[in-house]
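Listed here are the chains, written in short residue letters.
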Amino acid sequence: MQDATGSTSSNRRALIAALLAAFATTGVATPAAAQDWPARPIRLVVGYSAGGGVDAMARLVAPRLAEKLGQQVVVDNRTGAAGLIAGDTVARAAPDGYTLMLGDSSLLIAQYLKPQMSFDPIKSFTPVAGLFTLPLVIVTGNDFPAKTPAEFVALLKKNPGRYSYATSGVGTVHHLGFEMLKGQTGAYVVHIPYRGAAQIVPDVMSGQVPIGVVSAASAIAQARAGKLRALAVMNPVKLQGGEDIAPLSDALPGFSAVPRLYILAPAGTPAPIVERLSDSLRQVMAAPDIAQVAAQQGAVPAYMPAGPLAADVVRESNEWGKVIREQKISGQ
């Protein structure tokens, strides 16, 4: 017959065994599993198609991160719904460090325009590290009356409704960035949403539309060729190969509207895994050639550790929400 002490010990052992079994079933990483991480390849989910700018940044970082971690990092393109399919995939994944996402600002914007989202862009993820910004540039034809940010702002304010601007679609950072400009200046400029960015530059060059908001890579290449004017970059940053592009903040102090790329993990990912990932990405982003390669896609390295990134994601989310409310933007 077993005494009370033996019974208690037996019960404790049974409880611990049950908890470990539950962890294994649900995919939650145990302390031991976190210590042994990574023991198999890691999946980096990207919400955009192969060959695009975001995908290029994922494929720039993935092999370098793999070298730091000693495990393969596989890029997994889950396209559709402006990144929401990828977001849902990662939000539902086990928080064990083996599924990550290269997230971007579109996730934060979508929550205000697509309330039927299956996940929360903040609560469903654990921020790991900020990687890049993707600066946006306001471009015009060479004969556009304004040549500086100050002249541009003054011209728009003086001529309400006379000018229009093109972006790659409603609810993009390109769109909301210009709407932020409108909100801060009181200017009335008509938005012309395109289905993607490919036709914007040709239409600005031909005068079909007077103003466009495009990636830095597109703006710099055409401005160098003398085919259009890269009038202002929408956040205070020095662009490799585009140092002569003035920031819009020259005319609007503090103005900044810029897409960001950052690594996310499912909510609940153990802190030791997040810390190792973040530090490994810090080392990756410190490589001397990263900036040069990223510049080909109009990206600027902007590493940010997990803690500051978590706060910055909330700040950015609130900022886009404010623009959407004040400018009465609808996703319909």
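Our structure's up above, just so we're on the same page.
Computed from a predicted model, the values in this text were never measured in an experiment.

Q: Break down the overall build of the chain for me, with residues and values.
A: What the chain contains, in helices and strands, is 12 helices and 11 strands. The buried share of the chain, taken over its 332 residues, is 50%. Considering only intrachain contacts with a sequence separation of at least 6, the fraction spanning at least 24 residues in the chain is 78%.

Q: So what's going on with a nonpolar patch on the surface? Which residues, and what values?
A: A contiguous nonpolar surface patch, about 250 Å² in accessible area, is contributed by Tyr-188, Val-190 and Ile-192. Locating Ile-192 in the fold gives a position in strand E7 (residues 190–193).

Q: Describe the layout of surface pockets, listing the residues and the values that go with them.
A: Each pocket or cavity is described by its volume, and for the largest pocket that value is around 1,000 Å³. Lining the largest pocket are 39 residues; nearest its centre among them are Tyr-48, Asp-104, Ser-168, Thr-172 and His-174. Looking at the lining of the largest pocket element by element, the count peaks at four residues for helix H5 (residues 105–113). Class assignment for the residues of the lining of the largest pocket results in 21 nonpolar, 15 polar and three charged.

Q: Tell me about the sheet that holds strand E5 (residues 136–140), and name the residues and values.
A: Spatially, E7-E6-E8-E5-E9 is the arrangement adopted by the five strands of the open sheet, whose pairing is mixed. Two strands bound the open sheet, and with one partner strand each, they are E7 and strand E9 (229–233). Neighbour to neighbour, the strand axes of the sheet diverge by 30° on average, direction disregarded. Most of the contacts of helix H6 (residues 149–158) go to E9, to which it runs at about 90°, and overall it touches E5, strand E8 (211–215) and E9. Strands E5, E8 and E9 of the sheet are contacted by helix H9 (residues 216–224), whose axis makes an angle of about 115° with E8.

Q: Can you lay out helix H7 (residues 173–185) for me, pointing to particular residues and giving the numbers?
A: The end-to-end C-alpha distance of H7, which contains 13 residues, comes to 18 Å, matching closely the 18 Å that a straight helix rising 1.5 Å per residue would cover. Burial analysis of H7 places 11 of its 13 residues in the buried class, which makes it a mostly covered element. Every buried residue of H7 is accounted for by Val-173, His-174, His-175, Leu-176, Gly-177, Phe-178, Glu-179, Met-180, Leu-181, Lys-182 and Thr-185.

Q: Kindly report on the sheet that holds strand E1 (residues 42–46), identifying the contributing residues and their values.
A: One open sheet accounts for six strands, arranged E2-E1-E3-E10-E4-E11; its pairing is mixed. Two strands close off the open sheet at either side, each with one partner strand: strand E2 (73–77) and strand E11 (300–304). Geometrically, the sheet is characterised by an average inter-axis angle of 25° between neighbouring strands, direction not taken into account. Sheet topology note: the strand E3 (residues 99–104)/strand E10 (residues 260–266) ladder contains four bridges and is antiparallel.

Q: For empty space enclosed by the protein, give the residues involved together with the corresponding values.
A: Summed over the entire model, instances satisfying the criterion amount to one cavity of 30 Å³ or more. Computed from the structure, the largest cavity encloses a volume of approximately 50 Å³. Residue lining of the largest cavity: Gly-130, Leu-131, Phe-132, Arg-260, Leu-261, Tyr-262, Ala-302, Met-304, Leu-309 and Asp-312, and that is the complete set. If you list the elements that add at least two residues to the lining of the largest cavity, you get strand E4 (125–133), E10, E11 and helix H12 (306–326). Residues belonging to the lining of the largest cavity are distributed by class as follows: seven nonpolar, one polar and two charged.

Q: Outline the pairing of E7, listing residues and values.
A: Relative to E7, strand E6 (residues 164–167) is paired through four bridges, and the arrangement is parallel. Its bridge partner lying in E7, Ser-164 is registered against Val-190. In this fold, the crossover linking E6 to E7 by way of H7 has right-handed handedness.

Q: Lay out the side chain of Ser-105 with the relevant residues and their values.
A: One can find Ser-105 in helix H5. A relative accessible area of 1% places Ser-105 in the buried class. Setting aside chain neighbours within four positions, we find Ser-105 in contact with Val-173, Val-258, Pro-259, Arg-260, Tyr-262, Glu-316 and Trp-320.

Q: Before we move on, can you summarise the packing of H5 against H12 with the specific residues and values?
A: For the pair H5 and H12, interaxial distance at closest approach is 9 Å and the crossing angle is 45°. As summarised for this structure, H5 and H12 are arranged oblique, according to the angle between their axes. Considering the relative orientation of H5 and H12, their crossing is right-handed. For the pair formed by H5 and H12, the contact residues are Ser-105, Leu-108, Ile-109, Gln-111, Tyr-112 and Leu-113 on the first element and Val-313, Glu-316, Ser-317, Asn-318, Trp-320, Gly-321, Ile-324 and Arg-325 on the second. Class assignment for the residues of the contact of H5 with H12 results in seven nonpolar, five polar and two charged.

Thresholds applied
Residues numbered from 1 in each chain as written. Predicted model: local features only at pLDDT ≥ 70, side-chain atom pairs only at ≥ 80, totals over all residues. Heavy atoms only, no water. Helix = DSSP H or I, 4+ residues; strand = E, 2+ residues; numbered from the N terminus. Buried < 20%, exposed > 50% of the residue type's maximum accessible area, 1.4 Å probe, protein only. Contact = heavy atoms within 4.5 Å. Patch = residues over 30% accessible without salt bridge, like charges linked within 9 Å, V, L, I, M, F, W, Y side chains within 5 Å. Areas by Shrake-Rupley, 256 points an atom, 1.4 Å probe, with all protein chains shown as cover. Salt bridge = Lys/Arg side-chain N within 4 Å of Asp/Glu carboxyl O. 1 Å grid on protein atoms, 1.4 Å probe; cavity = no way out; pocket = protein on both sides within 12 Å on 5 of 7 lines; lining within 4 Å. Points joined across faces, edges and corners; volume = space filled by probe spheres on them. Nonpolar A, V, L, I, M, F, W, Y, C, P; charged D, E, K, R; others polar. Pairing = 2+ DSSP bridges. Axes fitted to C-alpha atoms, helices over the stretch in contact; angles between N-to-C directions. Expected span 1.5 Å × (residues − 1). Right-handed = clockwise from strand over helix to strand, strands pointing away. Parallel < 35°, antiparallel > 145°, perpendicular 65-115°, else oblique. Left-handed = near helix turned anticlockwise from the far one by under 90°.

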